[in-house]
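Listed here are the chains, written in short residue letters.
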Amino acid sequence: MKLPVVSLFAALTIFSCQPKFNPEITVVDIQNTINYLASDSLKGRKPGDSGDLLTANYIQSKFKNAGLKLLYNDGLQQFGVITSVKLGEYNLLEIDNKRYTLKEDYQPFSFSANTTFENEVVFVGYGLTVNKDNIDWNDYNNVDVEGKWVIILNGDPEFDKSESVFVEYSDTRSKVLNATDHSVGGIIFVSGPAYNKTDELSPVFYDKNSSKYNVPVIQVKRAIIDSILKNTGTSVTELESELIKNMAPGSFPVNQKIKATTELIQNQVNTQNVAGLLPGNDPVFKNEYIVIGGHHDHLGMGGHGSGSRVPDTIAVHNGADDNASGVAAIIELAEKFAAQNNNKRSIIFTTFGAEEMGLVGSKAFVNEPPVDLNNVTAMFNFDMIGRLDSANNLSIGGSKTALETEALLNQYNTDFNLLLSESGYGPSDHSSFYVQNIPVFFISTGAHSDYHTPNDDTNLINFEGAQKVTSYAYNIILDVSNREKQLTFNEAGEKQRPAMGGRFKVTLGIMPDFAGMEKRGLRIDAVTKGKPAQKGGIQKGDIITAIDGKKVGNIYDYMNRLKTLEAGKTISVDVLRDEKQVVLLIQL
């Protein structure tokens, strides 16, 4: 891959200043790596940006300098990922021949269809259909909404009560899915003053899922909606007040037509994993592999939809701990193992791109692995190892994913206070390997208040602690690489994301495609043994298109469908398999 002239010059300057590597795991080397990766010049290492490419080339040069065999295309495995959404040129809102101003009066949502639509309008309250805990609320009763615009209030009639039964149905995506279930032609959201006094429009931001709905979805200022409602003798403020007071739906048709055009452009960028191989020195064991990995990307400049915990602050999110610290450990391990050449099994050292976008890089790795995954005997994931505290707390996930793991961790422990988590599933790249039945070690010094903020910078890193964690990991990896028998995989925890807030009564037992790379439905990346999906015949790679005849287009649709299901019920699941539609019956 060719670098731009400026980037190439910067990269060559950095690389030319590097001395021949020190084969030992040192504080100075860890500090140098973190200082560079977390520098303001890389602007937060957002996938697709210049800092992302400089990061990959820095790691690539380290692997090459250590003597690793570079895998894929000179050490880089390239893949595409959508990182943002922006407004296109063709957006329009017209009522009674009056055109309104984009961003000031109205704005589409990032998951809106790109289309032009004109028809009559129906007010449908909060756009809810809830039959739960003695609540029977249906805003679509007794109104004809098929092929028409619907106006939906943001929030719910108990928006100020966090324990309300309405909460799990009141987010925007849930309401859009419910509206499309009722065959609407377009959706308009508006805020009442109780919910949003200032009536601010939400910015267009990418919610890390690239799927879209097949209807236009826009938000409009309430003064404009009030002008539409004028002939009905009411207003958004009055309607919101009545719904909250009466605690009952109040939907009705509006004698008005609206025309809108929506266009949103998804920005797809190229990014990459970096991978190098250190062959084993045993003629038999060298055909088995250990993967040492962690992600090198971060949140760029932050902002809405970036994952930043301070989305209103636009500033470099340096990601010194998350995860420059993990990358520094991987580089140090690569250099030491390469210098010692004392590993019987082969070791793949890799850093992943686009982890913050939904584990996209590690999934790309396991989907197109450089070696047969059946021959991968363990995966070590380093993610945030730079904040070792005074109590020496070290978190290690996946402690039950191999029968031998906990004994190994204790055998080489000197003075760490080990905080063990049995499950092989978690919010980091090791999950992509665990679902392939590979024992995993998720090594981290834990989260902190600076996580996903601009404050995660080098001045707060415990470099000595990072060196200590890396040295501890080296001894464990050395043991795993040289033991006579490979680790014995053990399924520990489900291979799926835990239910948010514990609100799902049922689970299928799948690991879905969170990023929405598949546009025809929800792709299944793994199936948990013994769970309803596996028992009902669902397979890895299937694409769920419907549950009980209701469309599933993405992870949000899937989770919203799960909310409505009860244990003991038998459901139908439509899947696309090898380009053929298959209908399966699943006992929950």
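Here the structure is a predicted model, which is why all the values come from computation and not from measurement. (Residues numbered from 1 in each chain as written. Predicted model: local features only at pLDDT ≥ 70, side-chain atom pairs only at ≥ 80, totals over all residues. Heavy atoms only, no water.)

**Here's the deal with the overall build of the protein**
Step number 1: Looking only at helices and strands, one finds 13 helices and 25 strands in the protein.
Step number 2: What you see for the protein is a C-alpha radius of gyration of 26 Å, in line with the 25 Å of a compact globule of 588 residues.
Step number 3: Counting over 588 residues, the protein shows a buried share of 59%.
Step number 4: Within the protein, contacts between residues separated by at least 24 positions form 78% of all contacts whose residues are at least 6 apart in sequence.
Step number 5: Accessible surface, the protein as shown: approximately 24200 Å² in total, 47% of it carbon and sulfur. (Helix = DSSP H or I, 4+ residues; strand = E, 2+ residues; numbered from the N terminus. Rg over C-alpha atoms; globule rule 2.2 N^0.38 Å. Buried < 20%, exposed > 50% of the residue type's maximum accessible area, 1.4 Å probe, protein only. Contact = heavy atoms within 4.5 Å. Areas by Shrake-Rupley, 256 points an atom, 1.4 Å probe, with all protein chains shown as cover.)

**Concerning the nonpolar core**
Step number 1: Ranked by size, the top nonpolar core spans 59 residues in total, and within it Phe63, Ile292, Phe349, Phe380 and Phe382 carry the most contacts.
Step number 2: Broken down by element, this core gets its largest block of residues, 11 residues, from helix α7 (residues 320-340).
Step number 3: Formed by 46 residues, the second largest nonpolar core is a distinct cluster that contains Val371, Tyr434, Ile544 and Leu562. (Core = buried A, V, L, I, M, F, W, Y, C linked by side-chain atoms within 4.5 Å.)

**Let's talk about the confidence of the model for the protein**
Step number 1: A residue-level look at the protein finds 95% of positions with pLDDT of 70 or above and a mean pLDDT of 91.
Step number 2: Throughout residues 1-19 the model reports pLDDT below 50, and contacts reaching past four residues in sequence, or to other chains, amount to 19 contacts.
Step number 3: Contacts of residues 498-502 to residues separated by more than four positions or lying in other chains number three contacts, the stretch itself having pLDDT below 50. (pLDDT = per-residue confidence, 0-100.)

**Description of the side chain of Thr350**
Step number 1: Among the secondary structure elements, Thr350 is positioned in strand β15 (residues 346-352).
Step number 2: Contact partners of Thr350, with chain neighbours within four places excluded, come to Phe63, Val274, Ala275, Val291, Ile292, Gly293, Gly294, Ile330 and Phe365.

**Brief notes about the packing of aromatic side chains**
Centre distance and the angle of the planes are the two values used to describe a pair of aromatic rings.
Step number 1: In this structure the tally under the stated criterion is 17 aromatic pairs.
Step number 2: Relative to Phe365, the ring of Phe352 has its centre 5.9 Å away and its plane inclined at 80 degrees; by these criteria the two rings are edge-to-face. Of the two residues, Phe352 sits in strand β15 while Phe365 sits in helix α8 (residues 360-367), which places them 13 residues apart along the sequence. The same class applies to Phe352 and to Phe365, which are both buried.
Step number 3: Each member of the aromatic cluster is reached from another via a ring pair, and the members are Tyr72, Phe352, Phe365 and Phe433.
Step number 4: The ring of Phe285 is capped by Arg345, whose NZ or CZ atom sits 4.5 Å from the centre of that ring.
Step number 5: We note Lys563 situated over the ring of Tyr169; from NZ or CZ to the ring centre the distance is 5.8 Å. (Phe/Tyr/Trp six-rings, centres within 6.5 Å; stacked < 30°, edge-to-face > 60°. Lys NZ or Arg CZ within 6 Å of the ring centre and 35° of its normal.)

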